[in-house]
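Examination of the molecular architecture
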Amino acid sequence: VQLQASGGGLVQAGGSLRLPCAASGRTFSDYRMAWFRQAPGKEREFVAAISWGGGSTSYADSVKGRFTISRDNKKNTVYLQMNSLKPEDTAVYYCAADKSYSSATMLQRDDMAYWGKGTLVTVSS
């Protein structure tokens, strides 16, 4: 499956952004989806995940209550709605796919088989 994330940009602290990730090439609903991020000089970290049907989600503690992951299987797209953004949310955001019907959990980088190119989110203070 090919993945293309978009929607990044520069936003002030407290603002919002919505990142879509469009998938192509395979049956989108066969895949559990996730968002990861990588800040300068840091390891890539888990942000959020959603099960194949959207029935379960999971979030990193650092974004819980501020970010929402969702998916539209008819549009082959997964979204990350980011509210109340903080400067520490500045990173390159990546969407990733894992062919699994399991529920969403806090996934590891090695769990994901497919990655898109990232989109840069910069939050100014």
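I will try to describe carefully the structure that is included in this document. (Residues numbered from 1 in each chain as written. Predicted model: local features only at pLDDT ≥ 70, side-chain atom pairs only at ≥ 80, totals over all residues. Heavy atoms only, no water.)

Some words on the pattern of salt bridges
Put simply, the test is: Each salt bridge in this description consists of a side-chain nitrogen of Lys or Arg and a carboxyl oxygen of Asp or Glu lying within 4 Å of one another. Buried means the residue's accessible area, taken with a 1.4 Å probe over protein chains only, is under 20% of the maximum for its type, while exposed means over 50%, and partly exposed covers the values in between.
Counting across every chain of the model gives 5 salt bridges. Its salt-bridge partner being arginine 37, residue glutamate 45 comes within 2.7 Å of it at the nearest N-O pair. Taking the relative accessible area as the measure of exposure, arginine 37 reaches 6% and is therefore buried. Here lysine 64 ties to aspartate 61 by a salt bridge, and the two come within 3.1 Å at their closest N and O atoms. Residues lysine 64 and aspartate 61 agree in their burial class; the two are exposed. Each of the salt bridges in this network shares a partner with another, and the network as a whole consists of Arg37, Glu45, Arg66 and Asp89.

Describing the state of the cysteines
Basically, it comes down to this: Note on terminology: disulfide denotes any pair of cysteine sulfur atoms within 2.5 Å. Under the DSSP-based scheme used, a helix requires at least four consecutive residues in state H or I and a strand at least two consecutive residues in state E, with every element numbered from the N terminus.
Scanning the model with the defined rule gives 1 disulfide in all. Across a sulfur-sulfur distance of 2.0 Å, cysteine 21 and cysteine 95 are joined as a disulfide pair. The sign of the 50° torsion about the S-S bond sets the cysteine 21-cysteine 95 disulfide as right-handed. Of this pair, cysteine 21 sits in strand β3 (residues 17–24) while cysteine 95 sits in strand β9 (residues 91–99), placing them 74 residues apart in sequence. On the basis of relative accessibility, which here comes to 0%, the residue cysteine 21 falls in the buried class.

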